[in-house]
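What follows is each chain in one-letter form.
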Amino acid sequence: MYLLMLVLFLLCALVHLWASAARRVTLRRITKPLLMPLLLAFYILSAARPEPLSAAALLCGFVGDVALVMPGAEEKREKPHPLLMAGLGAFALGHLCYIAVFIRGVTRWPSVWTMVLAAAALCLLFIKIFLELRPHMGALMPTGTAYLLVLLTMAFFAGMSGVAGGAPLRGMGGLFFILSDYILARSILLGERRCTHLAVMSTYLTAQTLLVLSLL
């Protein structure tokens, strides 16, 4: 049964990516809400002991997907759209769920120097992204900054727990999540619309899939 869920997820993902590339808005809005439930079904059916917080993270992704696919949610406005704020909140909560899962599953962390170097790299990345987007954030400044901190924290613990547990896919998933949200942020704040949906969703689906696979 879990193989069926995986096939359905992959088929839905391919259709959604094609719709994003071809700018088939209606099809994109139909397929996007199906992605995380199918991935969640695959996770529950394939994991030996499904982790409730992992399932909660995927459900948060579902809520975020639904919020952001609605008309107007990703448009830049003087005052952020309520759906954009709901989407950011849902994804931030999902990241917190992932963080809890990663921390709880580690019995021995990597060396101090490994963690310090990883933290330093992510701090530099935070500074780079923040300085680039700050002039365009406007009313999104506090929410966007807080979300970026949560996202990078999730990526840090994904990478470190992946190193500790021999699960390199987890760290890669965290990095793909950063890339996806960075592309989306540039789209919303800087108005970069060319192939945005395809780029955002291809990296986002890669991120979620890698994180799920690392938890099996």
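The rules behind these values
- Residues numbered from 1 in each chain as written.
- Predicted model: local features only at pLDDT ≥ 70, side-chain atom pairs only at ≥ 80, totals over all residues.
- Heavy atoms only, no water.
- Core = buried A, V, L, I, M, F, W, Y, C linked by side-chain atoms within 4.5 Å.
- Buried < 20%, exposed > 50% of the residue type's maximum accessible area, 1.4 Å probe, protein only.
- Helix = DSSP H or I, 4+ residues; strand = E, 2+ residues; numbered from the N terminus.
- Contact = heavy atoms within 4.5 Å.
- Salt bridge = Lys/Arg side-chain N within 4 Å of Asp/Glu carboxyl O.
- Phe/Tyr/Trp six-rings, centres within 6.5 Å; stacked < 30°, edge-to-face > 60°.
- Disulfide = S-S within 2.5 Å.
- Lys, Arg positive; Asp, Glu negative; His and termini not counted.

A.B. asks: Just checking my understanding: could you explain the nonpolar core for this structure?
C.D. replies: Nonpolar side chains tend toward joint burial in soluble globular proteins. Among the nonpolar cores identified, the biggest contains 58 residues, and Leu35, Met36, Leu58, Tyr98, Phe102, Met154 and Leu205 are the most heavily contacted of them. Take this core: its biggest share by element is 10 residues, from helix α6 (residues 141-165). When near neighbours in sequence (up to four residues on either side) are disregarded, Met36 contacts Phe9, Leu58, Gly61, Phe62, Asp65, Tyr204, Leu205 and Gln208.

A.B. asks: I keep staring at the pattern of salt bridges and nothing clicks. Help me out?
C.D. replies: Once the charged atoms of two side chains with opposite charge are near each other, the side chains can pair. Taken as a whole, this structure holds 3 salt bridges when the rule is applied. Between Arg104 and Glu51 there is a salt bridge, and its shortest N-O distance comes to 2.4 Å. On the criterion of sequence distance, the pair formed by Arg104 in helix α4 (residues 82-104) and Glu51 in the loop between α2 (25-46) and α3 (52-69) is long-range, its members being 53 residues apart. Across the pair Glu132 and Lys128 runs a salt bridge whose closest N-O atoms are separated by 2.7 Å. Residue Glu132 and its partner Lys128 are located together in helix α5 (residues 112-137), separated by 4 residues, close to a single helical turn. One connected set of salt bridges, linked through shared partners, spans Lys128, Glu132 and Arg186.

A.B. asks: I would appreciate a short explanation of the packing of aromatic side chains in the present structure.
C.D. replies: Two measures describe an aromatic ring pair: the distance that separates the ring centres and the angle between the ring planes. Throughout the structure, instances matching the rule amount to 7 aromatic pairs. On the basis of an interplanar angle of 10° and a centroid distance of 5.7 Å, the ring pair of Phe126 and Phe130 is categorised as stacked. Residue Phe126 and its partner Phe130 are located together in helix α5, separated by 4 residues, close to a single helical turn. Exposure class is identical for Phe126 and Phe130. Each is buried. Members of the aromatic cluster, joined through ring pairs, are Phe91, Phe177 and Tyr204.

A.B. asks: Got a minute to help me understand the side chain of His16 in this structure?
C.D. replies: Its location among the elements puts His16 in helix α1 (residues 2-22). Judged by relative accessible area, which is 0%, His16 ranks as buried. The contacts of His16, once residues within four sequence positions are left out, are Arg28, Thr31, Lys32, Leu35 and Met201.

A.B. asks: Is there a simple way to think about the state of the cysteines in this case?
C.D. replies: Note: disulfide means a covalent bond formed between the sulfur atoms of two cysteine side chains. Counted by the stated rule, this structure contains 0 disulfides. The structure places no disulfide on Cys97, whose sulfur is separated from the nearest cysteine sulfur, that of Cys60, by 4.8 Å. For Cys97, a relative accessible area of 9% puts it in the buried group.

A.B. asks: Honestly, the side chain of Arg170 in this entry has me stumped. Any pointers?
C.D. replies: Turning to its location among the elements, Arg170 is positioned in helix α7 (residues 168-190). The buried charged residue Arg170 lacks any salt bridge partner; its closest oppositely charged side chain belongs to Glu51, at an N-O distance of 10 Å. Residue contacts for Arg170: discarding those within four places in its chain leaves Phe102, Ala158, Ser161, Gly162, Leu211, Ser214 and Leu215.

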